[in-house]
Amino acid sequence: MKVSFLLLCPHLIEKRRKRMEKETLTDREVLLLRRKLDLLLRTGKLLMESAADTNRIERNMKRVAAFMGIPEEKLHLDIRWTMIMVNVSDETHSFSKFQKCEKHGINMTTITEVSHLSWKAIEQDYSLDQYEEELERIARKPRNYMPYLGWQSVQGLACGGFCKLFGCDWIAFLFASICAFVGFRVRARCIEFGINVYMSIAIAAFVATCLAYASSFSGLSSTPYHPLLACALFIVPGVPLINFVDDMIDNHLLVGITRAANTMMMVGAMTFGIAFAMRVLVMNDIEIDHKFSELSMVPHDPYYIYAIAAAIAAMGFSMIFNIQRRLLWVVALGGSLQCVPVIL
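(A) Seen up close, the overall build of the protein. For the protein, the count of helices and strands is 15 helices and three strands. Out of the 344 residues belonging to the protein, those deemed buried represent 42%.

Structure below.
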């Protein structure tokens, strides 16, 4: 009769049982760590896709890692324009995860709320479930200014405000705002249809410029060509340009160069759309080049009018960047104050 060797050695059975319990516990720790890394990557993705600078992304991710109990000396971050990589390693183990970043936009409200969440999670000792729930709420939160509730018509006033600052009359201000609004919607619809982002920018610039050109024949404005200067300014990549400079100064060279390339592509697409419109419409027949060089930029209105125009432009672009509504008056005040040195 054969008897198992393990039955004759109880201490081996106990040793095997303890080893199995230890392995099970280790598996749970691995799953917990991987969940932490997943939440950490989702946090970085939200920030990157909302146009946060790399230094802010790294700072927030390290703060979230501290909340999760991941030692900073064991945490390794590699932040790219389209990919975020996280590694946690010690002398015996190493765990890595990657997160793709695809939909890049500008969302100041998301950046602010993620930063607040990272502090709140530490101060109020959130559980991982609570943190994940709050992070998901931020990710799913609709923009403060929905496109079909009339907000984008207000956002179009951003270009109208700049047109007024260039010296146009109020009729041209209205034309520039309408052209910018239509161009903004055209770009959004093109992106929704899956058209290349840069091609969408070129199409939007082309449409806005064509409309501004058509408005010059209305005979209603004494400055009919000023809308051509301002109708496509909503495309100007100011935030990506600022982030590029910021990243280069902070020694995030790879991300900075990528942001610079993206900025150049956006400017190139906008320029192509405007130039193509001018070529298609045969603007040389009306000597449009000479008209542009002869456009007067001398203020014709009281300076307080330009302060109002600057406030409108600042508020319009802030809406495009999805700033919080409670801060709009601050933005308007800051824009209007830019005209104070001129008034003085």
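Okay, back to it.
(B) Broad picture of unusual backbone geometry. Of note in the backbone geometry, A51 takes a positive phi value of approximately 75° without being a glycine. One non-glycine residue with positive phi stands out, namely D125, at about 55°.

(C) Region of interest: the environment of H252. Residue placement: H252 occurs in the loop between α10 (238-249) and α11 (253-280). Separated by 198 residues in the primary sequence, H252 and T54 have C-alpha atoms spaced 7.1 Å apart. Leave out the neighbours within four places in its chain, and H252 touches T54, N55, E58 and D247.

(D) Region of the structure containing the nonpolar core. Counting residues in hydrophobic clusters, the biggest one holds 33 residues, and the most contacted among them are F67, M68, I70 and Y131. If you list the elements that add at least two residues to this core, you get α1 (10-49), α2 (54-67), β1 (75-79), β2 (83-89), α3 (108-123) and α4 (128-140). Ranked by residues supplied to this core, first place goes to α1 with eight residues. Within the second largest apolar cluster, 23 residues are counted, among which are A158, C179, I201 and Y225.

(E) Examining the sheet that holds β1 more closely. Across the sheet, three strands lie side by side as β1-β2-β3; this open sheet has antiparallel pairing. A strand with exactly one partner marks an edge of an open sheet, and here the two such strands are β1 and β3 (94-100). Averaged over all neighbouring strand pairs, the angle between strand axes comes to 10°, with direction disregarded. The pairing of β2 with β3 spans seven bridges and is antiparallel. Bridge pairing links V88 to F95 in β3. Across the sheet, α2 lies against β1 and β2, angled at about 150° from β1, the strand it touches most.

(F) Quick peek at the packing of α3 against α4. The geometry of α3 relative to α4 is characterised by a closest axis approach of 10 Å and an angle of 170° between their N-to-C directions. What the angle tells us is that α3 and α4 run roughly antiparallel. Contacts from T110, E113, V114, L117 and A121 of α3 reach α4 at Y131, E134, L135, R137 and I138.

(G) Quick peek at the packing of aromatic side chains. All chains considered together, the criterion is met by nine aromatic pairs. Each ring, one from W170 and one from F173, has its centre 5.2 Å from the other, and the planes form 80°; the classification is edge-to-face. With W170 and F173 both in helix α7 (residues 170-192) and three residues apart, the pair spans about one turn of that helix. Judged by centre distance (6.4 Å) and plane angle (40°), the ring pair of F317 and F321 falls under tilted. Since its relative accessible area comes to 15%, F317 is described here as buried. An aromatic cluster is present here, built from F162, F166, F317 and F321 joined pairwise through their rings.

(H) Local environment of the pairing of β2. With respect to burial, β2 is a largely interior element, five of its seven residues being buried. Summarising the sheet, β1 and β2 pair through five bridges and their orientation is antiparallel. Residue pairing for β2: H76 is matched across the bridge by N87. In this antiparallel pair of consecutive strands, β2 and β3, the connection spans four residues.

(I) Seen up close, the environment of Y126. Secondary-structure assignment places Y126 in the loop between α3 and α4. Among the residues examined, Y126 registers a relative accessible area of 13% and is labelled buried. Linking Y126 and M68, residues 58 residues apart in sequence, is a C-alpha distance of 9.3 Å. Setting aside residues no more than four positions away along its own chain, Y126 makes contact with F67, L117, K120, A121, Y131 and E134.

(J) Highlighting a nonpolar patch on the surface. Side chains of W329, V330, L333 and L337 sit close together on the surface and give an oily, nonpolar patch of about 420 Å² of accessible area. When you line up the elements, V330 lands in helix α14 (residues 328-337).

(K) Region of interest: α4. With 13 residues, α4 should cover 18 Å at 1.5 Å per step; its first-to-last C-alpha distance of 18 Å lies within 8% of that length. Taken as a whole, α4 has its buried residues at L128, Y131, L135 and I138. Angularly, the buried residues of α4 cover 90° about the axis, an arc narrow enough to put them on a single face. Of the exposed residues in α4, those oriented more than 90 degrees away from the buried face are D129, E133 and R140.

Reading the values: rules and limits
Residues numbered from 1 in each chain as written. Predicted model: local features only at pLDDT ≥ 70, side-chain atom pairs only at ≥ 80, totals over all residues. Heavy atoms only, no water. Helix = DSSP H or I, 4+ residues; strand = E, 2+ residues; numbered from the N terminus. Buried < 20%, exposed > 50% of the residue type's maximum accessible area, 1.4 Å probe, protein only. Contact = heavy atoms within 4.5 Å. Core = buried A, V, L, I, M, F, W, Y, C linked by side-chain atoms within 4.5 Å. Pairing = 2+ DSSP bridges. Axes fitted to C-alpha atoms, helices over the stretch in contact; angles between N-to-C directions. Parallel < 35°, antiparallel > 145°, perpendicular 65-115°, else oblique. Phe/Tyr/Trp six-rings, centres within 6.5 Å; stacked < 30°, edge-to-face > 60°. Patch = residues over 30% accessible without salt bridge, like charges linked within 9 Å, V, L, I, M, F, W, Y side chains within 5 Å. Areas by Shrake-Rupley, 256 points an atom, 1.4 Å probe, with all protein chains shown as cover. Salt bridge = Lys/Arg side-chain N within 4 Å of Asp/Glu carboxyl O. Expected span 1.5 Å × (residues − 1). Arc of directions from axis to C-beta.

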